[in-house]
Structures are given as C-alpha cells and as structure tokens.
Amino acid sequence: MRKLDLDVIVLLVFSLIVCYESLRLSLGSTWKPGPGLFPLLLGVTLGVLSLIFLLAKGFKQDKKVTPLWSPGSGKRVLTILGALCLYSVVFSFLGYLISTFFLTFFLLSLSYSGKWIRNGITSILICVVFYIVFQVLFDIRFPSGILGI
Amino acid sequence: MDTISSLFYGLSVVFSPFNLLSCFIGCLLGTLVGVLPGVGPGATIAILLPLTYKMSPTVAVILLAGIYYGAQYGGSTTSILLNIPGESTSVVTCLDGYQMARQGRGGPALGIAAFGSFIAGTFGVIMLMLIAPAIVSVALRFGSPEYVGLIIMSLSMVSFLSSSGSRFKALLLGIVGLILGTVGNDPIYGIRRFSFGITTLYDGIELIPVVVGLFGVAEVLVNLEIVVRSEVFQTKLKGLLPNWKDWRDSVKPIIRGSFIGFFLGTLPGMGAIVPTFISYAVEKRCSRTPEKFGTGMIEGVAGPESCNNAASEGAFVPLLTLGIPPNGIMAMMLGALMIHGITPGPLLLTEHPDIFWGVIASMWVGNAMLLVLNLPLIGIWVKVLRIPYGILAPLIILLCIIGAYSAEGNPGDVLVLMIFGGLGYLMKKLNLDSVPLILGLILGPMLEEHFRRSLLFSKGSFTIFFNRPIALGALVVTVLVLLSPMLVSLLRRKAGGDYEINIK
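The structure presented is a predicted model; accordingly, all values stated were derived computationally and were not measured. (Residues numbered from 1 in each chain as written. Chains lettered and ligands numbered in written order. Predicted model: local features only at pLDDT ≥ 70, side-chain atom pairs only at ≥ 80, totals over all residues. Heavy atoms only, no water.)

(A) Layout of the interface of chain B and chain A. Between chain B and chain A, the contact holds 61 residues from the first and 59 residues from the second. Roughly 5400 Å² is buried in total at the junction of chain B and chain A, and carbon and sulfur atoms are behind 81% of that figure. Inspection of the region where chain B meets chain A yields one salt bridge. At the boundary of chain B with chain A, the tally comes to seven residue pairs in polar contact (both at pLDDT 80 or more). Listed by contribution, the elements that provide at least two residues to the side of chain B that touches chain A are helix H8 (167–180), strand S2 (192–193), helix H9 (207–225), helix H17 (389–408), helix H18 (412–429) and helix H19 (435–457) of chain B. (Contact = heavy atoms within 4.5 Å. Buried area = accessible area lost by both parts, 1.4 Å probe. Salt bridge = Lys/Arg side-chain N within 4 Å of Asp/Glu carboxyl O. Polar contact = N/O pair within 3.5 Å; in protein donor to acceptor, adjacent residues only side chain to side chain. Helix = DSSP H or I, 4+ residues; strand = E, 2+ residues; numbered from the N terminus.)

(B) Helix H12 (residues 299–314) of chain B, seen in detail. Taking 1.5 Å as the rise per residue, H12(B) with 16 residues should run 22 Å; its terminal C-alpha atoms sit 22 Å apart, in good agreement. Burial analysis of H12(B) places 16 of its 16 residues in the buried class, the great majority of the element. (Expected span 1.5 Å × (residues − 1). Buried < 20%, exposed > 50% of the residue type's maximum accessible area, 1.4 Å probe, protein only.)

(C) Examining empty space enclosed by the protein more closely. Residue and element names in this part refer to chain B. Counted under the stated rule, the structure contains two cavities of 30 Å³ or more. What the largest cavity holds in volume is close to 60 Å³. Around the largest cavity, the lining residues are Tyr73, Ser76, Thr77, Leu110, Ala113, Ala114, Ser117, Glu305, Asn374, Leu375 and Ile378. Mapped by element, the contributors of at least two residues to the lining of the largest cavity are helix H4 (57–82), helix H6 (106–139) and helix H16 (353–384). In terms of residue count, H6 provides more of the lining of the largest cavity than any other element does, four residues in total. Within the lining of the largest cavity, the residues separate by chemical class into six nonpolar, four polar and one charged. (1 Å grid on protein atoms, 1.4 Å probe; cavity = no way out; pocket = protein on both sides within 12 Å on 5 of 7 lines; lining within 4 Å. Points joined across faces, edges and corners; volume = space filled by probe spheres on them. Nonpolar A, V, L, I, M, F, W, Y, C, P; charged D, E, K, R; others polar.)

(D) Local environment of the packing of aromatic side chains. The final tally for this structure, using the stated rule, is 22 aromatic pairs over all chains. Both rings, one in Phe142(B) and one in Tyr147(B), keep their centres 6.0 Å apart while their planes meet at 75 degrees; by these two values the pair is edge-to-face. This pair shows no difference in class: Phe142(B) is buried, exactly as Tyr147(B) is. Between the aromatic rings of Phe259(B) and Phe263(B), the centroid separation amounts to 6.2 Å while the plane-to-plane angle is 20 degrees, which identifies the pairing as stacked. Linking Phe259(B) with Phe263(B), this pair stays in helix H10 (residues 244–265), spanning four residues, or about one helical turn. A connected cluster of aromatic rings, assembled from ring pairs, spans Tyr87(A), Phe91(A), Tyr96(A), Tyr131(A), Phe142(A) and Tyr405(B). Positioned over the ring face of Tyr202(B) is Arg192(B), at 3.8 Å from the centre of the ring. (Phe/Tyr/Trp six-rings, centres within 6.5 Å; stacked < 30°, edge-to-face > 60°. Lys NZ or Arg CZ within 6 Å of the ring centre and 35° of its normal.)

Rendered as structure tokens:
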C-alpha cells in the first residue's frame, strides 16, 4: 500500500469542516454576498486542490521515506511543547512571576547543562529583569496570579 | 514634490532624534540577529512588533526596516568566519568567504561585504525613490477588482516561488491562511464566524501570536532538537579595508549584484535568497577563471552580498506603493503599519509622506550607520557567537511569550502562540513553508473586502475580474505561475528529454 500524504488529508478534512461551517452561515447571493460565501469559496478551492494533489500523487511511486526525528530528539521537543502548553494554561492562574520562573528553570535545565542551583538563580534573575523591563518600563500588565503582583 | 526635495524631506524626518535613535537601534539589532544563527529577522520583527505600539508609526517602521536590512549585513559575518550562514541570504557567501578566511583574508572579505552592501543599499534607495512615485501614480487608478487580481497573484507567486519544500502544498497553506483570516466578525454584517464560542477568537485570530509562534517558537524548538556547537574560525582579523586589487575585482560584481538584487527583489515570492544565487552564477560566468570560484574569490563575496542588500530594499517597492507584501517579512511590516491604523498602498505617499519618505531616507542613513558600525564591531559580533544557545533559547521563548501577550493583554493569545509554535515546528519538520500561511492570514481580510466590494459593484457578475486589464493580467500571470511546472515539463518533453510532470 502506498504512503498517503497525511498533511494533505488533514487539509482535506479541514476544508470539509470549513465548507460545513460556511453553509451554516448566510451565503447571500453573488450580488449581495453574505458572511458565508467567501469562506465557502475558499473551503471548496482548498478541498478540490487537496483532492487533485492526492489523486495525482496516488499514481506515483513513493520516494524513500526518511524518519522525521533522530532518536531522542522528538521526545525532547515534545517535553518542551508540553511544558509550553502547560505554561499557557496556568499563566493566568499562577501569574507571570511564578509560572515564568518554573518555565525558565525547566528550559534552562533541559537546554543548558548547569547545576540546578545556578539555573534556579539565573531563572529568578531573568524573570525579575523581564518583569522590571516590561511591566515597569513598558507598562505591560502581566497577570498577577496568586502572588498578587 | 520632486524626487530631490522629497529626499530632503525624508532626511529631515530621519534626522529627528527619535527616528535617528530607532534607525540606530534597528540596525544594531538587525546585525545582531543576522550574526546569531537560529534567530532570524522575521522572528525578531515579530517579537518586537508589540513593543512598537506606543511608538509613532514612522519610528516603528524605521526600527523594523533597520532590523531587516541590518540582518543582511550581519549574516555575512557568520558565513565568512564560521561557514554557517547567519541568514539564508548569506548561504552563497560561505562558498568563497569562508575560504578567504581560511587563507587569512577574512578581513578583506568582511570589508568588501560591508562596502558592497553599502553601495548596493544606496543604489536601492535611489531606485526606490525614482520608481515608487511612478508606480503610485498608476496604482491610484486601481479599484477593488485590480486589488483582487494583485492579491491572488502575490499569494500564488509567494507560495509557488519562495517555498523551499512542496510548492503545491505551499499554495494550499496560503489558502489555509486566507481561511484563518475569515475567523471573527464578518466585515460587513458583523456576524461571528468560526469562533466556536471561544472568546479569544471573537475578534479574529491575532496576527502577532501566529507570527511569533510560527517564526520564533518553532525556530527555537528546531534548534533545541540538537545542541549546535560551532567553532569560530581562529584567526586574527586584520586589514579590514580591501586593497586596490580587491576593489578592482569587486567593482563590477557589486554593480551587477545591485541591479540583479533590486529588480528581482521587487517581484513577489522572489525574496533575497534566489537573487544571491543568480548573482553568484552570473559572476562565475563573467569571470575569466570560473574554476577558481569556491576557493576564495572575492567576486563570489562582493556580488551576492551586494545583491542581498539591494533585494531587501527592492522588496519595499510593492509594499509601499501597492500595499502588497512580496515576502513574509514585508507582510509583518504591513501588519506593523496596520496596527497603527495605516494601510500601505498608493495613498500612503499623499496621506503619510513622512512615513513614505522617512522610511526610504532612513534606509540610506541606516546603510551608512551599518558601514560605520559593522567594521569596528566585528570583534564583538564574534564574541556574541560564543554565547551558548542553551542560554539564548529560554530568553527567546520568554520574549515570544511577552510579545504575544502584550499585543492585546489576553492570556488566551499565549495559548494561540504555543499552538502555532507547535504547528510551525511540525511544518518545519515536514519541510512546509509558513510564509504563505502568514501572508494569507494578513491578506485574507483585504481580499474578502475587495472581493465582496467588486461583486456589489458589478451586481453579482464575476466578469468584472476579467473586464479590467490589470485584474485580468494579474489573473493570467497567476494561472501561468501555477501551471509553470507542467509547462516546463511539457517543453522539456518536446525537446526530447525524458521528464515527467511532477507535482511535489
């Protein structure tokens, strides 16, 4: 069985969702286009082009498939991505200072081989400097969180 | 206002203290990110974009433009000293620049790269001053159908010509970008679309978290996969000024590189990478000793380095005159102006001459600053290269977070940033270009507005896009670009070759 292009299949499914959602909006008419007409046209174009791609590719021999990740690297990036997503979820609740300290400490420990106490002090310094520069000088209001600052 | 008096007006804008300072900071930051491999001007502009909110639009655009052309200067340093291009536009410079450094001629290589860039930058500014007003006078007659044609043409050309991976998939991603641009309130009736009850999506997908995620976070994730350890070539840099023979060998490549870079840089999708390769090929062809290219020929540094700087200035032509960005970085520049409520296009010249001429004049002043800055600071840039990426990475991530959050002060945008960061990383792994997606997101609302306005104007007839010569011309170019792989393949077959039609 030939390898299918998963990314294009995802785009095909995406186009179907766009078409379905566009049809739920008012399409209007060509002389008075409604909010759904333009997204519907885009969804149809994306769907048709994805299908053409899949059909055209279906008649061709696959090239040798090389793995996307070297051993260990995928796990490392997935861990970082997981930490970043967790950070974005707890950012409001914990506040800028606490959540950013933990994130910086985690990233430093993972990417820079230093002692944990040195990484901890560096993380505190980075968080405080960024806080002073952006909240105090640039007046960007960060979430205060459980510390209240 | 004629061109000379316009230039003086532009210079009077630049020489105000704030504008001069922002030009200086932009050039300095640009050189820094150009020097550092793994931190591109796209990510830097995206990260700094929210910080420009409180600046005047002129100050903001001068700063961002400085980062863009400053990065072209900085990129040459790592190419010559490390054999690692700081910027993709300096890839070709590695070929002969690094060899020159190995032979103890790193100084003249860096020197000619800086002088060539300055000369090309000056040439680019002069051409921009001469060409831009002429295009504006034509563009003032454009209506909605013309803009529909031009936007579709630009998006197709950028997707098809600039993509390093599959061009067809890049086109699909451009359409995805257009679809993402429709999220949020409908521009005419105000009806909410595709927001699925998520408050962060009510006003549409914010540009900044998307751009910072796709460029900044994704770039850091890719770099964190493997810890890059690069050795700076251990050599004493002396005699940065090229000698008389170096100049004699470099004059013609600089002139040719400037022409090639500027004119190709104005074309959508061309960017500054392809012209540098063309410039290198032209120099090799023009040389009496083409076999010596790759062994440390100064022509191989002078031509491409002049070319990338001229191309970065040529890219401003379609943005400032038509409001259509020819590449991803210009798309962010468009976003920066739109954040300040300014829509680039033919009216920019009459409504905001301070921005138009100020930016153009700032490029010339900036190029002079870069020449003065770069040569004495090369030692510092080399030291900067020794900072471990493990320390830089968390700092870049934090800047990305602050950049995305500060745009609207909405914590939901941090999640959008991470989602697009992950998506950008996957796209990089799959060799998919994120520029068409960003361009689609930016141009989407503009395209929809002009598309619907055209249909209202023509009472529902699609023939309006084929009755207007410019709109029709743009659509014909689009079709030709899209069919170009098949046309080339057919022509080759006719010529007797054994090629097959290939949709990558």
